[in-house]
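Report on the structure
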Amino acid sequence: MNRIDRKLTATLRQPAELIERGLAPEAALADLEQVAARYAIAVTPDVAALIDPDDPNDPIARQFIPAAGELVTRPGENADPIGDDAHSPVPGIVHRYPDRVLFKLVHVCAVYCRFCFRREMVGPGKATALSEDAYRDALSYIRSRPEIWEVILTGGDPLMLSPRRLTEIMADIAAIDHVKIVRLHTRVPVADPARVSPEMTRALRVDGTTTWIAIHANHPRELTPEARAACARLADAGIPLVSQTVLLKGVNDDAATLEALMRAFVECRIKPYYLHHGDLAPGTAHLRTSIEAGQELMRSLRGRVSGLCQPDYVLDIPGGHGKAPIGPRYLSQENPRRREGTNETRYRIVDYCGDVHLYPPKV
């Protein structure tokens, strides 16, 4: 496989650079420039090195290299597909669930995913981070709501902040007595693993709260030796790790790829957490699967891999109504009425082979 030269040292941000590196065809330049005028592009050297330029269906390229399909907005797609704005009491805060808030500190990422549900909020012409006043107002909001137990740092990618700034932010949050958990959502250990330095790791630990990190990866090839070492630095520091994955057509929508990815997570001490159904972000229809396809893949996983490797298949309900599990059902009532002469209801249960059993079994 003719991989990209690992001597690449700068992040690729322009269509012409992608074409020069062989990551996009020259004939696509006009379309890609239209995409770049609307949505951010960034491909780090670590990610570029994973792409096979000879494979037109490369699963890494599908995630990060812009495509003409992004110029097509389908019915139902919108700029705020999961309804963040409807639950934002002050800038930078999304308070959708009673006991936790999203704290959107930055609007930049190491790489920009072509399926991002916040793609209209990051990139060219957008604010890169909260102002100091907005940051203080957000902290005041958290401080005034004693029901908030968990603060989730997101954006953008919070690990784009410097270790010094992260140290300050973690200390500010830990000073709020009722906040016990700080969770960070990041692509950095995969997209730019060298950024997970000893200084960064130390910045993520703070007395008074427990830190969790959710690592986003969608294909087993993303978990390179360098990425695994970055995750190990976090795990060795005592930080629990969970995974986030988006189900994507042509990337991981087959049982073998999902199996390999979930096993790779567990090998890296990352507990599979969420498998997200693709959100209705503009220009992403070419990457979304059907829910039925996702359910069938979850059925396949149930029989193929350990329980340690099982994520929850979830959908963020459009309009800001939160996540709902949408995995396959294995339990149904044999008859909606109770068994005659008893107080029991009998159920039909499907095992991992697809066979149906009654519970309690017939005597």
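For the structure, see preceding data.
For the structure given in this document, a descriptive report is provided here. Because the structure is predicted, anything quoted here is derived from the model rather than measured.

1. Observations regarding the sheet that holds strand S10 (residues 331-333)
- Ordered in space as S10-S11-S12, the three strands form an open sheet in which the pairing is antiparallel. Either end of the sheet is taken by a strand with one partner, and the two such strands are S10 and strand S12 (356-359). Shown here is a sheet whose adjacent strand axes are inclined to one another by a mean of 30 degrees, direction ignored.
- The sheet contact formed by S10 and strand S11 (residues 347-350) spans three bridges and is antiparallel.

2. With respect to the packing of helix H10 (residues 255-267) against helix H11 (residues 291-304)
- It is at 10 Å that the axes of H10 and H11 come closest, and there the two elements cross at 55 degrees. Classified by the angle between their axes, H10 and H11 sit oblique to one another. Along this stretch, H10 crosses H11, giving a crossing that reads as right-handed. Contacts between H10 and H11 pair Ala 255, Ala 256, Leu 258, Glu 259, Met 262 and Arg 263 from the former with Leu 297, Ser 300, Leu 301 and Arg 304 from the latter.
- Tallied by class, the residues present in the contact of H10 with H11 amount to six nonpolar, one polar and three charged.

3. A short note on the environment of Ser 332
- Locating Ser 332 in the fold gives a position in strand S10.
- Once the C-alpha coordinates of Ser 332 and Ile 349 are considered, the two residues, 17 residues apart in sequence, prove to be 6.7 Å apart.
- Ser 332 has contacts with Tyr 347 and Arg 348, leaving out every residue within four places of it along the chain.

4. Side note on the sheet that holds strand S7 (residues 270-276)
- Overall, mixed pairing links the nine strands, which are arranged S1-S2-S3-S4-S5-S6-S7-S8-S9 in an open sheet. The sheet is open, and its two borders are formed by strand S1 (93-97) and strand S9 (323-325), each paired with just one other strand. Taking the axes of each pair of neighbouring strands and ignoring which way they run, one obtains an average angle of 30 degrees across the sheet.
- Bridging between strand S4 (residues 181-186) and strand S5 (residues 210-216) involves six bridges; their strand directions are parallel.

5. A word on the packing of aromatic side chains
- Evaluated as defined, the whole model comprises two aromatic pairs.
- Measuring from centroid to centroid gives 5.8 Å for Phe 103 and Tyr 135, while their planes differ by 15 degrees, and the two rings are stacked. Residue Phe 103 is located in strand S2 (residues 100-104), and its partner Tyr 135 is located in helix H5 (residues 132-143); the two are separated by 32 residues in the primary sequence.
- With relative accessibility at 0%, the residue Phe 103 sits in the buried group.
- According to the relative accessible area criterion, Tyr 135 is buried, its value standing at 2%.
- Ring geometry for Tyr 273 versus Tyr 274: centroids 4.0 Å apart, planes at 20 degrees, classification stacked.
- Residue classification places Tyr 273 among the partly exposed residues on the basis of a relative accessible area of 26%.

6. Some details on the pairing of strand S8 (residues 312-316)
- Among the five residues that make up S8, four are buried, leaving the element largely enclosed by the rest of the structure.
- A crossover connection joins S7 to the parallel S8 through H11; in handedness this β-α-β unit is right-handed.
- Bridge analysis of S8 against S9 gives three bridges, and the strand direction is antiparallel. When the bridges of S9 are listed, Asp 316 appears paired with Lys 323.
- Count of turn residues in the S8/S9 antiparallel hairpin: six residues, of which Gly 319 carries a positive phi of about 100 degrees.

What counts and what doesn't
- Residues numbered from 1 in each chain as written.
- Predicted model: local features only at pLDDT ≥ 70, side-chain atom pairs only at ≥ 80, totals over all residues.
- Heavy atoms only, no water.
- Pairing = 2+ DSSP bridges.
- Helix = DSSP H or I, 4+ residues; strand = E, 2+ residues; numbered from the N terminus.
- Axes fitted to C-alpha atoms, helices over the stretch in contact; angles between N-to-C directions.
- Parallel < 35°, antiparallel > 145°, perpendicular 65-115°, else oblique.
- Left-handed = near helix turned anticlockwise from the far one by under 90°.
- Contact = heavy atoms within 4.5 Å.
- Nonpolar A, V, L, I, M, F, W, Y, C, P; charged D, E, K, R; others polar.
- Phe/Tyr/Trp six-rings, centres within 6.5 Å; stacked < 30°, edge-to-face > 60°.
- Buried < 20%, exposed > 50% of the residue type's maximum accessible area, 1.4 Å probe, protein only.
- Right-handed = clockwise from strand over helix to strand, strands pointing away.

These figures come from the coordinates and say nothing about function on their own.
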